[in-house]
Amino acid sequence: MFTGLVQCLGDVVEKRDMGGEVRFSVRPRIPFASPAAGESISVNGACMTAESFRESVFTAYASAESLAATTLGSLLPGSAVNLERAMAMGDRFGGHMVSGHVDCVARVATMEKDGLSTRFRITFPKEFAPQVMPKGSVALDGVSLTVNRCGDDFLEVNIIPETIRSTLIASWKPGSNINMETDLVAKHIQRFVQCRLAGIETWDNKPQQGAGITEEFLRENGF
């Protein structure tokens, strides 16, 4: 689990192609304290397992599925990446709940100054619209952000100078592809409602005739 608060930038120092899969070596610009093989690290919002550490450089393997669902495949030696280590029990929770499971690749449509901040419009596949809401949370390239406005296939965020300065957002421009993770709670609610409307009890996957959203169901669940 992550918070979407980028801890530092890192640099890809090696990329080894393995027939549709890739192994990366990444050097954090701020060395990690007490790094451990097997720990989870968010790389541009995608949860990766650190296979090993050597002189602060960690290696991580990206499967074909990871490459298909994210922008990781476009990384090259010298590419900068956003890094966040997984939360430890008792850590300050300063962003929002981020799983590191990228939902889709989104695209920067426009950017313009808005006072001291910059307003970005991001477009994404329409099927993810139910998981995006005004004043809800979204993770873009692993950065926890608040949605200002949204529509069927876009959202807008305002990003302050400090966030731009300290993350990969400084390199965004119209046309940039970015990793997007929608709100974790919204995803669970959408799935739950879909299953209820279809008459499926999600905990055992047994069809229930006559189920769905009813007045009795809403009362039982506090509505």
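Heads up: these notes are all about the structure in this document.

Reading the values: rules and limits
- Residues numbered from 1 in each chain as written.
- Predicted model: local features only at pLDDT ≥ 70, side-chain atom pairs only at ≥ 80, totals over all residues.
- Heavy atoms only, no water.
- Helix = DSSP H or I, 4+ residues; strand = E, 2+ residues; numbered from the N terminus.
- Buried < 20%, exposed > 50% of the residue type's maximum accessible area, 1.4 Å probe, protein only.
- Contact = heavy atoms within 4.5 Å.
- Areas by Shrake-Rupley, 256 points an atom, 1.4 Å probe, with all protein chains shown as cover.
- Lys, Arg positive; Asp, Glu negative; His and termini not counted.
- Charge placed at Lys NZ, Arg CZ, Asp CG, Glu CD.
- Pairing = 2+ DSSP bridges.
- Phe/Tyr/Trp six-rings, centres within 6.5 Å; stacked < 30°, edge-to-face > 60°.
- Lys NZ or Arg CZ within 6 Å of the ring centre and 35° of its normal.
- Axes fitted to C-alpha atoms, helices over the stretch in contact; angles between N-to-C directions.

1. Quick look at the overall build of the protein chain
The number of helices and strands found in the protein chain is 4 helices and 15 strands. Across its three principal directions, the C-alpha atoms of the protein chain cover 60 × 45 × 40 Å. The buried share among the 223 residues of the protein chain stands at 42%. Long-range contacts, defined as pairs at least 24 residues apart, comprise 65% of the intrachain contacts of the protein chain with a sequence gap of at least 6. In the structure as shown, the protein chain presents an accessible area of about 12000 Å², 53% of it carried by carbon and sulfur atoms. In the protein chain, which carries 22 positive and 26 negative side-chain charges, the distance between the mean positions of the two groups comes to 5 Å.

2. Topic: the pairing of strand E5 (residues 57-62)
Burial within E5 is extensive, with 5 of its 6 residues counted as buried. For strand E2 (residues 22-28) and E5, the ladder comprises 5 bridges, and the chain directions are antiparallel. Bridge pairing links Arg23 to Tyr61 in E5. One ladder, built from 4 bridges, connects strand E4 (residues 46-54) with E5; its direction is antiparallel. Looking at the pairing, Ala50 lines up with Ala60 of E5. Here E4 hands over to E5 after 2 residues, with Glu55 in that stretch at a positive phi of 50 degrees.

3. Notes on the environment of Ser79
With respect to the helices and strands, Ser79 occurs in the loop between helix H1 (64-69) and strand E6 (80-85). When its relative accessible area of 18% is taken as the criterion, Ser79 is described as buried. Dropping the residues within four chain positions of it, Ser79 is found in contact with Gly10, Asp11 and Val12.

4. Brief notes about the packing of aromatic side chains
Overall, the coordinates contain 4 aromatic pairs when judged by the stated rule. Ring centres of Phe32 and Phe53 lie 6.3 Å apart, and the angle between their planes is 65 degrees; this geometry places the pair in the edge-to-face category. With Phe32 in the loop between E2 and strand E3 (40-43) and Phe53 in strand E4, the pair connects residues that are 21 residues apart, well separated along the chain. A residue is classified by how much of its surface remains accessible, and Phe32, at 13% relative accessible area, is buried. Plain terms: the ring middles of Phe32 and Phe58 are 6.4 Å apart, the flat faces sit at 15 degrees to each other, and that makes the pair stacked. Here the residue Phe32 occupies a position in the loop between E2 and E3, and Phe58 occupies one in strand E5, the gap between them amounting to 26 residues. For the pair shown, Phe32 and Phe58 are each scored as buried. Seen from the ring of Phe154, Arg121 lies directly overhead, with NZ or CZ sitting 3.8 Å from the centre.

5. Some thoughts on the sheet that holds E2
What holds strands together in a sheet is hydrogen bonding between their backbones, with the strands either parallel or antiparallel. Pairing in this closed barrel of 6 strands is antiparallel, and the strands run E1-E2-E5-E4-E3-E6 around the ring. Averaged over all pairs of adjacent strands, the angle between strand axes in this sheet comes to 45 degrees, irrespective of strand direction. Pairing of E3 with E4 involves 4 bridges; the strand directions are antiparallel. Residue pairing for E4: Ser40 is matched across the bridge by Thr49.

6. Let's talk about the sheet that holds strand E9 (residues 137-140)
Reading across from one edge, E10-E9-E13-E7-E8-E12-E11 is the order of the 7 strands in this open sheet, with antiparallel pairing throughout. The open sheet terminates on both sides in strands that have one partner only, identified here as strand E10 (143-146) and strand E11 (149-150). When strand E7 (residues 104-114) meets strand E13 (residues 177-181), the two strands line up antiparallel, connected through 4 bridges. Across the sheet, Ala106 pairs through a bridge with Ile178, a residue of E13.

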